[in-house]
Amino acid sequence: MGFSWILIAALLAASSLSAAAAPIAYASNEGSGTVSMIDTTTDKVTATFNVGGKPRGIALSPDGKRLYLSDQTANAVLTVDAATGAALTRTALGKSPEGIYLSSDGKLLAASVEEDDQVMLVDTASGKVVRKIKMRGKNPEHAVFSPDDRWLYVSSEEADSVDIVDLGKGEVVQSVKVGERPRGIGFLPDGKRAYVAAEHADTVSVIDVATMQVIASIKAGSRSNGVTVRPDGKRVYVSAGGDGTVQVIDTANNAIIAVIPVGKRPWNMAITPDGSKLYVACGRSNAIAVVDTATNAKTAEIAVGALPWGVALR
């Protein structure tokens, strides 16, 4: 084999390895009881898992092998094999579980249980509930770990504040007013600030984690909802369900620098580890919108199941 053919073979092998390493995105479709698997290289659906019920909250284990789903009809968290969709465990929670989030090491899962006004902490190794924490706000929807896993920020639909849980104490230690119907929460990678969308106020509040005080309030789109932070911490993305857009916030000055049309009722989102692509669940479009974060433009719309609620990837 000549040198040129060896070089070509090496390049092809490197290309193959690069493609294999691309992350997979998963979308939970509450209307069809399915999960869509999306290849983030091609932005095509490669598989659809029938998980039944009404899957909403979605999270992916750090090693990418297990997928966690909150099933609102079963009042449980389901653990499934991320490659095959095979059911592994089912953890009973309470009435109407919503958002679910993993600690940084993947050992704990926080599940918001709306009608019980509680957050359940689940040991992912055993699949057992290890702690139940009562919230001050009613109908909790999102419970997000701070990057150092010291705090859990919880938003509730029937509230105007975010409840802050000290995980060492296992209780709410502060409630911070952010506006009516707080929704999505995102922390900067250094853990110094949290961004919280308030759906009825159409705002995003910036909370100083050390002082537990709001240091900025940003006027955003209609029915501000999901929040995702770029891995480098320079941008925060906020979905606006009423506008069908995503707002892009520059964290250097907390100004909105772009508004991106994405689809009908954009909800929860996820971003690739390199920060290059944002995946947005557009519930009423029955699709996932793909946003190029370099150009702040929608580049694809991926048809999935009915009423996608959230996206997970690593």
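For the structure itself, consult the block above.
Cut-offs and rules
Residues numbered from 1 in each chain as written. Predicted model: local features only at pLDDT ≥ 70, side-chain atom pairs only at ≥ 80, totals over all residues. Heavy atoms only, no water. Pairing = 2+ DSSP bridges. Helix = DSSP H or I, 4+ residues; strand = E, 2+ residues; numbered from the N terminus. Axes fitted to C-alpha atoms, helices over the stretch in contact; angles between N-to-C directions. Salt bridge = Lys/Arg side-chain N within 4 Å of Asp/Glu carboxyl O. Buried < 20%, exposed > 50% of the residue type's maximum accessible area, 1.4 Å probe, protein only.

Considering the sheet that holds strand β8 (residues 97-102)
Strand pairing in a sheet takes place through backbone hydrogen bonds and is either antiparallel or parallel in direction.
Part 1: Taken together, four strands build an open sheet; the order of strands is β8-β9-β10-β11 and the sheet is antiparallel. In this open sheet, the two strands that pair with only one neighbour each are β8 and β11 (128-134). With direction set aside, neighbouring strand axes in the sheet form an average angle of 25°.
Part 2: The sheet contact formed by strand β10 (residues 118-123) and β11 spans six bridges and is antiparallel.

Quick notes on the pattern of salt bridges
Part 1: In total, this model carries 14 salt bridges according to the counting rule given.
Part 2: A salt bridge links glutamate 30 to arginine 56, with the nearest nitrogen and oxygen atoms 2.7 Å apart. You can see glutamate 30 sitting in the loop between β1 (24-29) and β2 (34-39) and its partner arginine 56 sitting in strand β4 (residues 55-60), a full 26 residues away along the chain.
Part 3: The buried category is assigned to glutamate 30, whose relative accessible area is 8%.
Part 4: Accessibility expressed as a relative area gives 14% for arginine 56, which makes it buried.

Examining unusual backbone geometry
Part 1: Backbone geometry places aspartate 43, a non-glycine residue, at a positive phi of 55°.
Part 2: Following the sequence through the fold, aspartate 43 ends up in the loop between β2 and β3 (44-50).
Part 3: Given a relative accessible area of 12%, aspartate 43 falls into the buried group.

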